[in-house]
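# Tertiary structure, described
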Amino acid sequence: MKKRVLQVLGFLISSLGWLFVLCTMAMDFWRITQLGGQGGSFIIKVAWYWSNLWKDCFTDSTAVTNCRDFPVLWTVTPFVQAVRGLLMCGLTLGFFGVVLCFVGMECTYIGGAEKTKDKLLFAGAVFHIAGCVSDISAYCLYINRVARTTFAQTVGPGVLRYDLGTPIFLGLVGCFFILLGGMFYAVTVYRVIVPESKVVYAYGGGTYMAPRSGRRTLYTGYYRPPRQYGSYLGSDPSNSSKISKLSQTTRTKISERDAFV
């Protein structure tokens with residue numbers, strides 16, 4: 001029961017996180033700056049410059065907005081293009097992660113046996129975490145570019161000092177939700193995928209058994225029976241005579257013992 005609850009909770013949290021990240025790609029005001037009125041007054045605002053991943057815009061005091069769309073793909077500012085690519089890569093990984101986790105959840109009746117479903121769920125958790133890392137890298141890259149200009153001691157003419165907008169913070173919250181959901185997934189199936197190693201303790205001395213094939217051992221060459229069982233006499237005639245004498249001696253001793261009794 002606890003496993004199923006954690007999986008459902010992870011699915012809801014991670015899906016909400018991906019929804020946040022997806023919304024940020026279409027939102028405005030990734031960065032924004034405000035210009036004051038006459039004489040540079042910061043009490044009366046007369047203009048706002050803002051940007052997102054697709055355009056730069058200017059809004060005046062009459063709420064009229066003029067925008068300039070970014071040009072074709074290969075002429076976009078490099079860091080904006082990198083942010084786009086990282087976000088899209090993360091969303092693609094997240095899509096596969098959502099599908100795998102939905103199939104591998106215990107409360108769904110697709111995906112095969114329980115062992116197979118656990119493996120699918122673990123793979124989906126890995127996709128979630130990888131996509132989360134890609135999205136966080138995109139947001140951090142954008143924050144770095146804005147912060148470098150904002151906190152610079154001197155800037156060139158015409159360069160504006162921007163502040164971070166709402167989509168950045170919403171995206172970071174979404175990444176946190178994705179990471180949390182992936183951890184919920186992984187916790188429920190970690191012990192199934194990676195079981196605990198069992199340590200077997202042996203008490204007493206071990207026993208070595210020599211191989212039977214070829215009558216050879218790894219340490220002593222040809223096999224020789226222990227001395228306590230006597231020596232191998234082979235098929236030599238002299239050896240057979242020794243065997244007969246030994247048997248006669250044994251009979252004589254037994255007979256003398258019986259006579260004494």
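This text follows the structure it describes.
So, here is what we can say about the structure in this document. Quantities reported herein were computed from a predicted structural model and do not represent experimental measurements. (Residues numbered from 1 in each chain as written. Predicted model: local features only at pLDDT ≥ 70, side-chain atom pairs only at ≥ 80, totals over all residues. Heavy atoms only, no water.)

Here the focus is the side chain of Thr24. Of note, Thr24 is situated in helix 1 (residues 2–26). Leave out the neighbours within four places in its chain, and Thr24 touches Trp30, Tyr139, Pro167, Leu170 and Gly171. (Helix = DSSP H or I, 4+ residues; strand = E, 2+ residues; numbered from the N terminus. Contact = heavy atoms within 4.5 Å.)

Taken residue by residue, a regular strand's side chains alternate between the two faces of the sheet. Relative to strand 4 (residues 65–69), strand 3 (residues 55–60) is paired through five bridges, and the arrangement is antiparallel. What sits directly across from Cys57, in strand 4, is Cys67. Hairpin remark: strand 3 followed by strand 4, antiparallel, with four residues in the connecting loop; positive phi at Ala63, about 65°. (Pairing = 2+ DSSP bridges.)

Inspection of the secondary structure puts Val173 in helix 4 (residues 166–193). For the pair Val173 and Val21, spaced 152 residues apart in sequence, the C-alpha separation works out to 8.7 Å.

What follows concerns the nonpolar core. Ranked by internal contacts, the top residues of the largest apolar core, which has 21 residues, are Val21, Trp30, Leu53, Val83, Leu87, Tyr139 and Tyr142. Within the residue set of this core, elements represented by two or more residues are helix 1, helix 2 (78–104), helix 3 (114–150) and helix 4. Apart from the residues lying within four places of it in its own chain, the contact partners of Val21 are Leu87, Leu91, Asp135, Tyr139, Gly171, Gly174, Cys175 and Ile178. Of all hydrophobic cores here, the second largest spans seven residues; its members include Cys101, Met105, Leu121 and Tyr185. (Core = buried A, V, L, I, M, F, W, Y, C linked by side-chain atoms within 4.5 Å. Buried < 20%, exposed > 50% of the residue type's maximum accessible area, 1.4 Å probe, protein only.)

Summed over all chains, the structure comprises one disulfide. One disulfide bridge connects Cys57 with Cys67, the sulfur atoms lying 2.0 Å from each other. The sign of the 110° torsion about the S-S bond sets the Cys57-Cys67 disulfide as right-handed. Within this pair, whereas Cys57 is found in strand 3, its partner Cys67 is found in strand 4, the two being separated by ten residues in sequence. (Disulfide = S-S within 2.5 Å.)

A separate point is the environment of Ile136. In this structure, Ile136 sits in helix 3. Of the residues examined, Ile136 reaches a relative accessible area of 31% and is grouped as partly exposed. Separated by 53 residues in the primary sequence, Ile136 and Val83 have C-alpha atoms spaced 9.9 Å apart.

Our focus in this paragraph is the pattern of salt bridges. If charged atoms from side chains of opposite charge come close, those side chains can pair. Under the definition given, this model contains three salt bridges. With its nearest N and O atoms 3.1 Å apart, the salt bridge here joins Arg68 to Asp56. One end of the pair, Arg68, is in strand 4; the other, Asp56, is in strand 3, with twelve residues separating them in the sequence. Taking relative accessible area as the criterion, Arg68 reaches 48% and is therefore assigned partly exposed. Look at Asp56 and you get partly exposed, because its relative accessible area is 21%. Salt bridges sharing common partners tie together Lys3, Glu114 and Asp118. (Salt bridge = Lys/Arg side-chain N within 4 Å of Asp/Glu carboxyl O.)

We now examine unusual backbone geometry. A positive phi angle is found at Phe29, which is not glycine, with a value near 65°. Among the secondary structure elements, Phe29 is positioned in the loop between helix 1 and strand 1 (31–36). Backbone geometry at Ala63 places phi at a positive 65°, although glycine is not the residue there. If you trace the backbone, Ala63 turns up in the loop between strand 3 and strand 4.

Per the counting criterion, the structure on display carries ten aromatic pairs. When the ring of Trp30 is compared with that of Tyr142, the centres are 5.0 Å apart and the planes differ by 70°; the resulting orientation is edge-to-face. Linking Trp30 in the loop between helix 1 and strand 1 with Tyr142 in helix 3, this pair joins segments that are 112 residues apart in sequence. Just as Trp30 is buried, Tyr142 falls in that class too. An angle of 50° between the planes, with centres 6.4 Å apart, marks the rings of Phe96 and Phe127 as tilted. Highlighted residues: Phe96 in helix 2 and Phe127 in helix 3, separated in sequence by 31 residues. (Phe/Tyr/Trp six-rings, centres within 6.5 Å; stacked < 30°, edge-to-face > 60°.)

Another point: the side chain of Asp135. Position of Asp135 relative to the elements: it lies in helix 3. In this structure, Asp135 is buried with no salt-bridge partner, the nearest side chain bearing the opposite charge being Arg84 at 13 Å. When residues no more than four places from it in sequence are discounted, the contact partners of Asp135 are Trp18, Val21, Leu86, Leu87, Gly90, Leu91, Cys175 and Ile178. (Lys, Arg positive; Asp, Glu negative; His and termini not counted.)

Now for a nonpolar patch on the surface. Among the surface-exposed residues, Ile129, Val133, Leu179 and Met183 lie close enough to one another that they form a single nonpolar patch of about 310 Å² accessible area. Residue assignment for the nonpolar patch shows that the elements contributing at least two residues are helix 3 and helix 4. (Patch = residues over 30% accessible without salt bridge, like charges linked within 9 Å, V, L, I, M, F, W, Y side chains within 5 Å. Areas by Shrake-Rupley, 256 points an atom, 1.4 Å probe, with all protein chains shown as cover.)

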